[in-house]
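Take a look at the letters that make up each chain.
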Number of protein chains: 2
Amino acid sequence: MSRPLGSHCYFSCLIWLFFTSLMLADEGMWLFNDLPREILKQEYNFEPTQEWADHIMLSSVRFSSGGSASFVSSNGLVLTNHHVAADTLHKLSTPEFNYYENGFLANGMEHEIKAPDLELNQLVSIEDVTERINAAVASDLDPEASHQARRAAMAVIEQESLDKTGLRSDVITLFGGAKYHLYRYKKYTDVRLVWAPESTAAFFGGDMDNFEFPRYNMDVTIFRVYEDGKPAKIEHFLKWSEHGAGDGEVVFVSGNPARTDRGLTTEALKTLRDHSLPFYLDYLCRMEVAIQQFAYQSPEHQRRGQDELFGIQNSRKAITGMLVGLQDPQFIAEKATQEDALLVKVNANLDLKHFAEAWKKVSEVQPEKIELLNGGVDFRERYYEIAKELVLKAAEDQKPSEDRLREFSDSGRESLEHELFSPATIYDDLEVAKLSTMLSMFVEQRGGDDPLVIKALNGKNPFERAAKLIGGSQLNKVDVRRELVEGGVAAIEASTDPMIQFFRSLEAEYRKIRKRKEALEEIERQAYSQIEDARVAVEGTSGYPDATFTLRLSFGVVKGYEEDGREVPPWTTFAGAFAHQAAHEAKEPWKLPPSWNESESRIDLETPLNFVSTADIIGGNSGSPVVNRAGEFVGIIFDGNIQSLTADYLYDDEVSRAVSVHSSGIREALKSIYNAKELAEQLGK
Amino acid sequence: MSRPLGSHCYFSCLIWLFFTSLMLADEGMWLFNDLPREILKQEYNFEPTQEWADHIMLSSVRFSSGGSASFVSSNGLVLTNHHVAADTLHKLSTPEFNYYENGFLANGMEHEIKAPDLELNQLVSIEDVTERINAAVASDLDPEASHQARRAAMAVIEQESLDKTGLRSDVITLFGGAKYHLYRYKKYTDVRLVWAPESTAAFFGGDMDNFEFPRYNMDVTIFRVYEDGKPAKIEHFLKWSEHGAGDGEVVFVSGNPARTDRGLTTEALKTLRDHSLPFYLDYLCRMEVAIQQFAYQSPEHQRRGQDELFGIQNSRKAITGMLVGLQDPQFIAEKATQEDALLVKVNANLDLKHFAEAWKKVSEVQPEKIELLNGGVDFRERYYEIAKELVLKAAEDQKPSEDRLREFSDSGRESLEHELFSPATIYDDLEVAKLSTMLSMFVEQRGGDDPLVIKALNGKNPFERAAKLIGGSQLNKVDVRRELVEGGVAAIEASTDPMIQFFRSLEAEYRKIRKRKEALEEIERQAYSQIEDARVAVEGTSGYPDATFTLRLSFGVVKGYEEDGREVPPWTTFAGAFAHQAAHEAKEPWKLPPSWNESESRIDLETPLNFVSTADIIGGNSGSPVVNRAGEFVGIIFDGNIQSLTADYLYDDEVSRAVSVHSSGIREALKSIYNAKELAEQLGK
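From a predicted model like this one, the values you see are computed outputs, not experimental measurements.

We now examine helix H13 (residues 382-396) of chain A. All names here are of chain A. Counted at 1.5 Å a residue, the expected span for H13 with its 15 residues is 21 Å, and the 21 Å between its end C-alpha atoms agrees. Counting buried positions over the 15 residues of H13 gives 11, a clear majority of the element. Looking only at H13, the buried set comprises Tyr383, Tyr384, Ile386, Ala387, Lys388, Leu390, Val391, Leu392, Lys393, Ala394 and Glu396. Turning to H13, the residues buried within the fold contact helix H14 (413-420), helix H15 (428-446), helix H17 (462-472), helix H18 (478-494) and helix H19 (498-539). Where H13 begins, the capping side chain belongs to Glu381, and its oxygen is found 2.9 Å from the backbone nitrogen of Tyr383.

In structure tokens, the structure reads:
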């Protein structure tokens, strides 16, 4: 399952962004203001009108919790994946009712349930601001100053735009720093749950079937956006296709791929292969074991830990696949051949020769990047994250908006506070299990004699320390957080909350590491911008930039593939789901929910359930609508097959496939399994 | 569960051996030829006769697969833990019958089942050979030469002893190299399974209850040793105590603790804390996740992987506990205080001052030891291990016995071949899962550009490479192994078996690393021998040496303890087991087997089932008999509580406890649950 970004994006994301050469037919995550019109015309004889493109863009939705979605009705219905909704389903759940496991259907609009902290974004315009940004960064600045100048320029543009339009305004870095675009979003923060299936239907086959195909998953959840307490009136939404897409038909995916690294130099890829991914995989396996242990204790522990555990297992499976792909000697060899060919041309041309320096610059920053993997103080634990935001926010708010750390600029305040003041329950026992494991790894990484470790442990072992910090903290209370935000620096300095004090004791180190990382990113950004210029000069064309969790259009065809000598057909059906259950003797995780088993005789079993296409997708695309030439909804992306896991670094259309839930399958399930005919009939209308 | 040594001792064991000062009342794993007679007299008014000691020693049994046991009848019955027997139960199992899960009771001797490769050792004599060893090692040799000379001297003594007595003869290094003892063992290689309970009774509560107390586990299995095809006649066996041990009563544990590190210097402990244990824990978590994934695929995969998985989970839980203990700043502080106190005395005495050098020497080898953690080629995968033994054996056999790598000396040949020619089934799919994960970690550790990595992968990714190596190998066939042993170097060189060729391509590196490790061990051995001399000089007494998987006697009292303000009583009963099941709604792993639930009404529910004592035990003690003053069997060690996990480094008698199955519980289970009255009546007779 292509896990959305957000709370589960543990990977400290230096966003490298870039363009890759030698493109394959269906490759590309294209900018909506620079669609591959020629390729589409050549390959598929399709010429999208501006109206078509605008309609798809405006019908697309981004989830702040990570993931993609679409508007599918005039009265505010939003369709996404169950696993994108999982964070909200988990937050809504209580020991009495588990929305994630049991699913939900609102019996009328008045029973739709408000999500505690979701923010949905609809992209409404794109503006190129490259010149303004570049003009603000003098060429003689050192990396830190240059990063600072760039950040300030972005903040000013964003604030201006916010003041002018009232819309969320984000400046996005593209092509590794060669371009900067201003994205404006309409925000929806009153988002209510309408329908979710049981996790056993959405995630049928569990971790075992994840990233596999054939699949049989109803990985879908429906929300509705409200404005002023009423269902929002939506102008641009997707019509529902009568039959979905046929074999070999071209389809389009509109969503927010989180991050690709296709533009990385070979040396940077080797850092991933030999350092970053192994480091991350060790971390994930340690956390998986720890949270698994936590969850085993009782069904209630299981409920509390399942969202976290799912996220970790999903990342672990994805990273394992990526790592094995990168460890394949042929993979790096192929990348190196491409790079060498480009460098030969660059070096042969007197006007371009100076660009070769850029590759060296990227190589030069690798050792320090590797060093910075270890011993960071950016613990992904909820209390700690809250304390971090509160402490940093108080300090940053004393500076002018453009001088602050990026996430604390005035234009981002509303979104930040929406999340910071989320009333979602925090489970102390789960948090202790997480923080103690993270602290233990922190001690390992720095060594028990490190002064900061000694300060952090305060004479206790990591388990005792985590229990004390969390047991004594009041940061689980929203009003305590509000008071600390309102009280500013004085309130933070006066606070006796142990978690606030804990982060304060690490704040200097946090800032030091972050500053160093941002300076390295700046060096890379400048280098990759040069590499992009060199590539455009040699190859005469730009293309698509590496993914940045912003809206892109991919395309491809519905198409099966060959695996171990077997033909894998492009579709599965409801009949296949029941057969798959039977083949595993209905043992977990291959046990469909009672609702399915009880409805078997009513279901049109030959209805398509899931299908694959060659569209170029990646994590973050989860929940993306799949549309046909007519712009009608034919499916929703929820996964890539195991062969697609190296798509972060290289697209392949031979066996890599995007996996979707079929539009007809969704309608059939609502009607024949979930007794939700009325809802089914609203879809696309 | 104190996991036995053996196939699951993944930790590359440099055996540090040593003595600790400031002993607590019940501390110590004492040599049978140097029992703590004064302490026993003082503390417990007990004066063991030589006859008593000899009887206990000769009634004790060591399992080659790791773990301890005892003779409990004149006709060869041997009692050990179910988890010590697990390796054998797993090897006996087939897709049709799972001995590990379902248990077994031989219906008459003719139905007892021969274990494929067990070797049981009974210690029959101990001889001090320190002077002979020291005389053979000239003081002016460098570490490698000195290690070589020591190894040669050991081999000569062992061979002499074997020639003279026909007994397995091992020279054991004690007190970090200050003493060398020759241990002679009678071997039993015809070992048959008599009775095993179901895994759900033996390991009730599973990984969750492991290392916890109260416990309710029937962690017991009974074998019988045969000689010349008939049940062996056993002179020394333990009588069965009528009622077991009472609260506060002194008890004795006779078994083979695998390894302690109580004599380590503070610097060496920090290497464990900051490097060795984290490295090992990362490895375990990665393997746990990989084998868990393997096992989830189907019940048959589960069966194939369960022994391996259990071993890994057990180690992971133990290492996690040890690591957290070591990360407690107070722990290292306490160790450092002890060390400083000794060093002050050493430095204050002109005759002892030169000993202080030894601490420096230990510190000096740490960086290289840390470096050697990474990138080793000692993969713990069955095909690879077989190839390694075959290739090394062929080469080593060309040298005189005393010049060979230690495990290939003539005196060890029989035991080595007993294991090498084991007919136990090897499951290729499980082995591929293991080797591919290990290869992936190997690539990570050395980096994908390392020449040896490039050679090892041979152009494939780790998963494809592992599948090719194992898929193409014939080493799962015992006759192929025999032919290769008989054919010697010529056969190895001519072999086209991919796994043989694979190890041959890594052999030079394996030997290089091993040589370096052994040289470092030699430096440490000499240093710790000096530290021991210094300690004896300052404190005027020797004590017990660090554990070496050889027979030791521990003692303690049956005694509850306090945990989180609650009193934990020393005993549990059968009634408690059923209550524990009910408290967890009989959900796995808290589901007792049908045999228990169906017998509930017949069982005397107040019979004691498990109990705790202050005896000083550690991994390898699993299966050790617990006896009373009269030398009668009162229980069998199967675990330590979670507070005892730091016992590798420091004994504590406040809350650390050894956990045993009670003698009366075993008899009651055999009679009332397993319908094995006849067997029950043989016990102790």
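Before going further, it helps to examine the nonpolar core. Leu475 and Met499 of chain A together with Leu475 and Met499 of chain B are the most contacted members of the largest nonpolar core, which has 166 residues in total. Ignoring any residue separated from it by four or fewer positions in sequence, one finds Leu475 of chain B in contact with Tyr383, Ile386, Ala387, Leu390, Val480, Arg481, Leu484, Asp497, Met499 and Ile500 of chain B.

So, on to the sheet that holds strand E17 (residues 571-573) of chain B. Residues and elements named next belong to chain B. Strand order across the open sheet formed by eight strands is E1-E14-E13-E19-E20-E21-E18-E17, with antiparallel pairing between neighbours. Looking at the sheet topology across the chains shown, the edges are occupied by strand E1 (30-31) and E17. Examined bridge by bridge, strand E20 (residues 633-640) and strand E21 (residues 658-662) share five bridges and lie antiparallel to one another. When the sheet's bridge partners are listed, Ile637 is paired in E21 with Ser660. The sheet contacts of helix H22 (residues 663-672) involve strand E18 (608-613), E20 and E21, and relative to E21 the element is tilted by about 40 degrees.

Before going further, it helps to examine the environment of Thr271 of chain B. Residue and element names in this part refer to chain B. Residue placement: Thr271 occurs in helix H9 (residues 266-296). Placed 124 residues apart in sequence, Thr271 and Ala395 show a C-alpha to C-alpha distance of 34 Å. For Thr271, the residues in contact, after removing those within four places along its chain, are Ser276, Gln366 and Ile370.

Attention shifts here to the sheet that holds strand E18 (residues 608-613) of chain A. Residue and element names in this part refer to chain A. Taken together, the eight strands give an open sheet; going across it, the order is E1-E14-E13-E19-E20-E21-E18-E17, and neighbouring strands pair in antiparallel fashion. Two strands close off the open sheet at either side, each with one partner strand: strand E1 (30-31) and strand E17 (571-573). Contacting E18, strand E20 (633-640) and strand E21 (658-662), helix H22 (residues 663-672) runs over the sheet at an angle of about 40 degrees to E21.

Reading the values: rules and limits
- Residues numbered from 1 in each chain as written.
- Chains lettered and ligands numbered in written order.
- Predicted model: local features only at pLDDT ≥ 70, side-chain atom pairs only at ≥ 80, totals over all residues.
- Heavy atoms only, no water.
- Helix = DSSP H or I, 4+ residues; strand = E, 2+ residues; numbered from the N terminus.
- Expected span 1.5 Å × (residues − 1).
- Buried < 20%, exposed > 50% of the residue type's maximum accessible area, 1.4 Å probe, protein only.
- Contact = heavy atoms within 4.5 Å.
- Polar contact = N/O pair within 3.5 Å; in protein donor to acceptor, adjacent residues only side chain to side chain.
- Core = buried A, V, L, I, M, F, W, Y, C linked by side-chain atoms within 4.5 Å.
- Pairing = 2+ DSSP bridges.
- Axes fitted to C-alpha atoms, helices over the stretch in contact; angles between N-to-C directions.

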